[in-house]
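This is what each chain is made of:
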Amino acid sequence: MFKGIVVEKDEAGYRATLKDIDNAQLPEGNVTVRVSHSTLNYKDALAITGRGPVVRKFPLVPGIDLVGTVEETSHPDYRVGDSVLLNGWGVGEGHWGGLAQKARLNGEWLVPLPERFTAQQAMAIGTAGYTAMLCVLALERHDVTPDKGEIVVTGAGGGVGSVAVALLSKLGYAVVGVTGRPQERDYIKSLGATDVLERSTFCVPGKPLGRERWAGAVDVVGSYTLANVCATTKYRGVVTACGLAAGMDFPATVAPFILRGVTLVGIDSVMCPRTERLVAWQRLAEDLDITKLGLIANEIGLTDVIPTATKLLDGQVRGRVIVNVGA
């Protein structure tokens, strides 16, 4: 038996509960991992609270991230005792995830834990940080270098935004954070932002084109915010889109794309090929100032996950949430 968060839906309704789970309940997979740490992301919070249609089968253990030690394996790339991590691949949505003390998985979904990171540090980064790195890599591929101008990061006080600000500033970019929480201004600046702007000017309908300012962008918000970022991006600038905190809609015009040559790049972290994941984690090991992780992340135990999920969706959580599944 082991402990985990289980989401169920039946005649009694939709609910998430911390309970004991039998090994026999684990799903199919060729690698069994003794999980040491997981995380609590926006998607996990939606799954736990039922506020979004994240969970595709019941019962399910949520948790799109995990790190731990291989306990059993028939996969040729892994041996018992190997330290591994996982982000995405539908885990925590259609396959049991990381918010439990054990997980059984497809070995192709795993990557080795980089030697530079402890388990806690890897989860302080997690899917949010790995997604932020994918955004940075996309900006680099499109030749958005530090000399081109400012990079705007929306949702800068959240998980993806926090790591994006820390990464970009370390790489020499001038970073401007956008947040709806003015009290986080000093926190965002401590991560390396040169300025912090109020979200209110971004989240309302704007003009098809505004004053050119941004050489590039990392947007986790979507909706009007993404539309306004595109409208104020410089000629041949690049906007990376990786989130929908404000909605799935995109109330924009084609003007930024056909008059300024702006490029909008979609960032998918869930099904991203393994080769690109390995590059992203290698670059995180090289380029992320790990001293910033102490500012970005807070640790909780499994017993705190369910109440914290509600706080996260209500905008009351800063940065990243690490879950020590043994606590």
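Going by the structure above, here's the rest.
These notes cover the structure that comes with them. (Residues numbered from 1 in each chain as written. Predicted model: local features only at pLDDT ≥ 70, side-chain atom pairs only at ≥ 80, totals over all residues. Heavy atoms only, no water.)

1. Describing the packing of helix α2 (residues 119-141) against helix α7 (residues 274-287)
Inference 1: Taken N-terminus to C-terminus, the directions of α2 and α7 make an angle of 105 degrees; their axes are 9 Å apart at the nearest point. Judged by the inter-axis angle, α2 sits roughly perpendicular to α7. For the pair α2 and α7, contact is made by A122, I125, G126, G129, Y130, M133, L134, L137 and E140 and by E276, R277, V279, A280, W281, R283 and L284, respectively.
Inference 2: Partitioning the contact of α2 with α7 into residue classes produces ten nonpolar, two polar and four charged. (Axes fitted to C-alpha atoms, helices over the stretch in contact; angles between N-to-C directions. Helix = DSSP H or I, 4+ residues; strand = E, 2+ residues; numbered from the N terminus. Parallel < 35°, antiparallel > 145°, perpendicular 65-115°, else oblique. Contact = heavy atoms within 4.5 Å. Nonpolar A, V, L, I, M, F, W, Y, C, P; charged D, E, K, R; others polar.)

2. Side note on α2
Inference 1: Along α2, the helix axis deviates most sharply at G126, where the bend reaches about 65 degrees.
Inference 2: The buried fraction of α2 amounts to 19 of the 23 residues, a majority that puts the element mostly inside the structure.
Inference 3: The positive-phi residue at the C-terminal boundary of α2 is D143, with phi of around 65 degrees. (Bend = angle between axes of the 7 residues up to and from the residue. Buried < 20%, exposed > 50% of the residue type's maximum accessible area, 1.4 Å probe, protein only.)

3. Section: the pairing of strand β5 (residues 83-87)
Inference 1: With four of five residues buried, β5 lies mostly within the body of the structure.
Inference 2: Taken together, the five bridges between strand β4 (residues 65-73) and β5 define a ladder with antiparallel strand orientation. By the bridge assignment, G68 is partnered in β5 with V84.
Inference 3: Pairing of β5 with strand β7 (residues 111-112) involves two bridges; the strand directions are antiparallel. The partner of L85 across the bridge, within β7, is V111. (Pairing = 2+ DSSP bridges.)

4. A look at the pairing of strand β15 (residues 320-324)
Inference 1: Burial analysis of β15 places four of its five residues in the buried class, the great majority of the element.
Inference 2: In this sheet, β15 lies alongside strand β3 (residues 31-39) in antiparallel orientation, the contact comprising three bridges. The residue bridging T39 from the neighbouring strand is I322, located in β15.
Inference 3: Bridge count between strand β14 (residues 297-301) and β15: five bridges; the pairing is parallel.

5. Details of the pattern of salt bridges
Inference 1: Applying the stated criterion across every chain yields a total of 17 salt bridges.
Inference 2: Between R51 and D314 there is a salt bridge, with its nearest N and O atoms 3.1 Å apart. In this pair, R51 sits in the loop between α1 (42-49) and β4 while D314 sits in the loop between α9 (305-313) and β15, placing the two residues 263 residues apart along the sequence.
Inference 3: What makes R51 partly exposed here is its relative accessible area of 47%.
Inference 4: Using a relative accessible area of 41% as the deciding quantity, one classes D314 as partly exposed.
Inference 5: A salt bridge links E140 to R283, with the nearest nitrogen and oxygen atoms 2.9 Å apart. A residue pair is termed long-range when its members are at least 10 positions apart, and E140 in helix α2 and R283 in helix α7 qualify at 143 residues.
Inference 6: Classification of E140 by relative accessible area gives partly exposed; the value is 31%.
Inference 7: Among the charged side chains, a network of salt bridges with common partners joins E8, D10, R15 and K19. (Salt bridge = Lys/Arg side-chain N within 4 Å of Asp/Glu carboxyl O.)

6. A word on the sheet that holds strand β12 (residues 233-241)
Backbone hydrogen bonds hold the strands of a sheet together, and the pairing may be parallel or antiparallel.
Inference 1: Overall, parallel pairing links the six strands, which are arranged β10-β9-β8-β11-β12-β13 in an open sheet. Both edges of this open sheet fall to β10 (195-198) and β13 (263-266), since each of them pairs with a single strand only. Averaged over all pairs of adjacent strands, the angle between their axes in this sheet comes to 20 degrees, without regard to strand direction.
Inference 2: Note: strand β11 (residues 214-219) against β12, five bridges, orientation parallel. Note on β12: the bridge partner recorded for A217 is V239.

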